[in-house]
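Examination of the molecular architecture
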Amino acid sequence: MSDIASDRQSYADSVFDTVRWAFWLAAPFVLIAAAWQVASLFFPPFLFPSLIDVFARVWDILTTWSQFSSVLATAMRILGGLAGAFLLGAVLGVAITNSRMADRLLTPTLTFFQGIPALSWVVFAIIWFHGVEFRIIFIMVMTTLPAFTFQVVGALRGMDKDLLEMVMSFRPSRWKFFTAMVLPAVLPEVITAWKVNLGNASRVVVVAELVGSSGGVGYQLLQQQQLFDMAGALAWTLQLVFFVLLFQWILSQFEQFAFRYRSKSERS
Amino acid sequence: MNLAKVDNMLSLDDMRFSAPEGAEVEIAFQNVTKRFGDLVAVDDLSLDIHKGALVALLGKTGCGKSTMFNMISGLMAPTDGRVEVMGHSPFREFDWYRGKMAIVFQSDRLLPWRSAVKNVELGLETLGLSAAERTERALYWLNALGLKGHENDYPHALSGGMRQRVSISRAFATDAPLLLCDEPFSALDEITSRRLRTEFARLVRENNKTAVFITHSIDEAFDIGDRIVVLKRPAEIALDLRMSADVSDVDRERIRDTIHDTLDA
């Protein structure tokens with residue numbers, strides 16, 4: 001009998017914990033939304049449109065292919081740019097780790113690149129290239145490449161030397177050494193690099209599209225600015241936020257699966 | 001150092017190691033010197049280890065025994081002289097030893113992202129065995145080392161002793177004829193350490209392996225070695241003793257004191 005009571009109590013506790021977690025997750029957004037809605041009662045719609053109008057526009061974008069394709073185009077540009085920067089960064093990272101000369105040549109160059117503002121890369125791309133997609137991919141790669149490269153270098157240099165030696169003692173092939181040791185060892189830092197660069201890339205892509213594209217979320221934002229349509233500007237911004245949140249969630253799910261071997265402290 | 005023979009007691013000369021007639025040399029150090037800058041870690045060392053022997057290399061910290069270990073395993077090249085293992089150079093012909101040499105390290109060195117069974121399979125993956133065969137062999141050795149029921153546990157969920165058992169399983173699973181052990185039980189408590197080294201010595205003998213066991217513990221060397229090579233700085237042989245069945249407990253106690261004095265000198 002006492003077992004049943006204790007089970008019920010623990011079930012009630014877990015439900016209470018979930019509700020509390022959901023409440024605190026939603027609380028800041030509810031607060032901002034409420035403040036915005038109150039402001040919309042006192043200001044004209046081009047400054048603070050009603051949230052009902054904003055969500056109607058969000059729904060409109062999601063359900064109209066000609067508009068939703070702009071969201072997809074931006075999402076693909078972000079992922080394509082990140083993938084390109086990551087692949088190039090991985091190659092450069094391996095070169096820097098294995099060659100002193102590559103380290104001496106590439107590290108200062110990439111550090112210099114890191115100091116160039118994203119907007120400058122946009123201007124350079126517009127002057128240098130004609131193709132819209134190539135321009136955007138170029139801007140994405142150039143702005144995220146240094147961070148990816150340095151993160152790969154850090155991950156490779158941080159590999160546990162004892163484990164490297166142990167794996168080497170079995171005389172593995174290069175491929176086996178990569179799959180059994182290098183890849184799992186660097187994966188946590190690679191995922192973190194993707195998470196960090198995803199936020200940066202979503203900001204850069206909008207600037208690139210705003211100036212040098214005829215489609216995508218950035219281009220649509222430019223249209224809303226010219227029409228003084230604040231509801232539209234918010235709705236398009238939310239599309240980008242949704243995409244970033246969705247991709248962050250996918251990365252987190254992958255992280256949970258890939259790093260299930262990690263121990264968890266009960267206290268934490 | 002030359003103790004007189006009293007009654008039935010063996011003298012140090014009686015216990016000095018001499019190679020068995022016709023024994024095949026598995027590991028040979030020929031006038032080997034290893035320098036790190038100005039530091040001489042191994043100085044003109046010559047030593048033969050025969051096939052099927054269980055040799056304990058005993059010495060204090062910093063005497064060069066780990067340098068010897070690294071040269072045998074091919075992780076390091078000698079500065080002068082030759083190191084040969086099974087007639088080949090472990091440093092220059094590194095890949096030749098795939099499946100012929102297995103190492104048990106001081107710490108367990110388990111890959112944290114692999115379960116116990118997958119850690120044991122690591123060495124087998126380099127040998128091109130099928131997945132089913134790898135798993136079967138890995139499970140056999142985990143079972144032999146008393147880890148039934150923990151096959152799918154990740155290293156963080158295992159105790160220090162259990163993790164070291166997994167690393168021993170990993171070494172035995174490859175069925176390599178040569179086992180190298182670098183103070184594998186030094187980080188464990190005395191009871192676990194003694195139990196594991198007894199099991200280890202039994203498995204080495206049952207499976208006809210040649211094993212080189214590096215240790216700084218006299219007790220460990222006595223528990224494991226058929227032959228004990230006592231090293232002084234810089235990796236110079238101070239004593240080379242056999243530990244066969246005719247060596248009585250009294251002789252062992254006496255020789256323990258001699259080794260202690262030698263290491264202390």
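In this text, all values refer to a predicted model and were calculated from it rather than measured experimentally.

A few words on the state of the cysteines. All names here are of chain B. For the structure on display, the rule yields zero disulfides over all chains. No disulfide involves Cys63; its sulfur sits 16 Å from the nearest other cysteine sulfur, which is in Cys181. The exposure class assigned to Cys181 is buried, which follows from its relative accessible area of 0%.

Attention now moves to the interface of chain A and chain B. Taken residue by residue, the interface counts 20 residues in chain A and 26 residues in chain B. Counting across the chain A and chain B interface gives three salt bridges. For the salt bridge of Lys176 of chain A with Glu125 of chain B, the shortest nitrogen-to-oxygen distance reads 2.9 Å. Viewed at the interface, chain B and chain A are joined by nine residue pairs in polar contact (both at pLDDT 80 or more). Listed by contribution, the elements that provide at least two residues to the side of chain A that touches chain B are α7 (161-168) and α8 (174-212) of chain A. The biggest single contributor to the side of chain A that touches chain B is α7 of chain A, with six residues. Split by residue class, the side of chain A that touches chain B holds 11 nonpolar, three polar and six charged.

Attention shifts here to the nonpolar core. Of all hydrophobic cores here, the largest spans 93 residues; its most connected members are Ile78 and Met181 of chain A together with Phe29, Leu57, Met68 and Val85 of chain B. In contact with Val85 of chain B, not counting residues within four places along its chain, are Glu26, Ile27, Ile72, Pro90, Trp96, Tyr97, Met101 and Leu178 of chain B.

Right, let's get into the sheet that holds strand β2 (residues 39-50) of chain B. All names here are of chain B. With respect to topology, three strands assemble into an open sheet ordered β2-β1-β4, the strand pairing being antiparallel. Unpaired on one side and paired on the other, β2 and β4 (80-85) mark the two borders of the sheet. Averaged over all neighbouring strand pairs, the angle between strand axes comes to 20°, with direction disregarded. Two elements, strand β1 (residues 25-36) and β4, share five bridges in a ladder whose sense is antiparallel.

All names here are of chain B. Under the domain assignment, chain B is made up of domain 1 (1-10 + 22-100 + 177-265) and domain 2 (111-175). Look at where the C-alpha atoms of domain 1 and domain 2 centre, and you get two points 26 Å apart. Of the residues lining the interface, 16 residues belong to domain 1; the matching set on domain 2 comes to 13 residues. Overall, the association of domain 1 and domain 2 removes approximately 1,200 Å² of surface from exposure, summing both partners, and the carbon and sulfur fraction of that is 68%. If you sort the residues of domain 1 by the area they bury against domain 2, Leu196, Leu203 and Lys209 come out on top, with a joint share of 33%. A salt bridge links Asp175 to Lys209; the shortest N-O distance between them is 2.8 Å. Inspection of the region where domain 1 meets domain 2 yields three residue pairs in polar contact (both at pLDDT 80 or more). In terms of residue count, the dominant contributor to the side of domain 1 that touches domain 2 is helix α6 (residues 190-206) (seven residues).

Turning our eyes to something else, we now look at the layout of surface pockets. Summary: where empty space remains is shown by rolling a probe the size of a single water molecule over the atoms. Residue and element names in this part refer to chain A. As a volume, the largest pocket reaches approximately 500 Å³. Contributing to the lining of the largest pocket are 20 residues, with Val94, Leu156, Phe178, Val182 and Val186 lying nearest its centre. Among the secondary structure elements, those contributing two or more residues to the lining of the largest pocket are α3 (65-98), α6 (132-157) and α8. For the lining of the largest pocket, the leading source of residues is α8, giving nine residues. Its residues assigned to classes, the lining of the largest pocket comprises 17 nonpolar, two polar and one charged. When its volume is computed, the second largest pocket comes out at roughly 400 Å³. Every residue along the wall of the second largest pocket is listed here: Phe29, Ile32, Ala33, Trp36, Leu51, Val54, Phe55, Leu234, Leu238, Val241, Phe242 and Leu245. Looking at the lining of the second largest pocket residue by residue, the class counts come to 12 nonpolar, no polar and no charged. Domain assignment of the residues forming the lining of the second largest pocket places at least three in each of domain 1 (1-42) and domain 2 (51-258).

Glancing now at unusual backbone geometry. Look at Arg171 of chain A: it is not a glycine, yet its phi comes out positive at around 55°. Within the fold, Arg171 of chain A resides in the loop between α7 and α8. At Asp44 of chain B, a residue that is not glycine, the phi angle is positive and equals roughly 50°. Checked against the element boundaries, Asp44 of chain B lands in strand β2. Judged by its relative accessible area of 45%, Asp44 of chain B is partly exposed.

Tallied over the full model, the rule gives one cavity of 30 Å³ or more. In this model, the largest cavity occupies a volume close to 40 Å³. Forming the walls of the largest cavity are Ser169, Phe170 and Arg171 of chain A together with Tyr97, Arg98, Gly99, Met101, Gly123, Thr126, Leu127 and Thr174 of chain B. Looking at the lining of the largest cavity residue by residue, the classes come out as four nonpolar, five polar and two charged.

Conventions adopted
Residues numbered from 1 in each chain as written. Chains lettered and ligands numbered in written order. Predicted model: local features only at pLDDT ≥ 70, side-chain atom pairs only at ≥ 80, totals over all residues. Heavy atoms only, no water. Disulfide = S-S within 2.5 Å. Buried < 20%, exposed > 50% of the residue type's maximum accessible area, 1.4 Å probe, protein only. Contact = heavy atoms within 4.5 Å. Salt bridge = Lys/Arg side-chain N within 4 Å of Asp/Glu carboxyl O. Polar contact = N/O pair within 3.5 Å; in protein donor to acceptor, adjacent residues only side chain to side chain. Helix = DSSP H or I, 4+ residues; strand = E, 2+ residues; numbered from the N terminus. Nonpolar A, V, L, I, M, F, W, Y, C, P; charged D, E, K, R; others polar. Core = buried A, V, L, I, M, F, W, Y, C linked by side-chain atoms within 4.5 Å. Pairing = 2+ DSSP bridges. Axes fitted to C-alpha atoms, helices over the stretch in contact; angles between N-to-C directions. Domains from an automatic or database assignment. Buried area = accessible area lost by both parts, 1.4 Å probe. 1 Å grid on protein atoms, 1.4 Å probe; cavity = no way out; pocket = protein on both sides within 12 Å on 5 of 7 lines; lining within 4 Å. Points joined across faces, edges and corners; volume = space filled by probe spheres on them.

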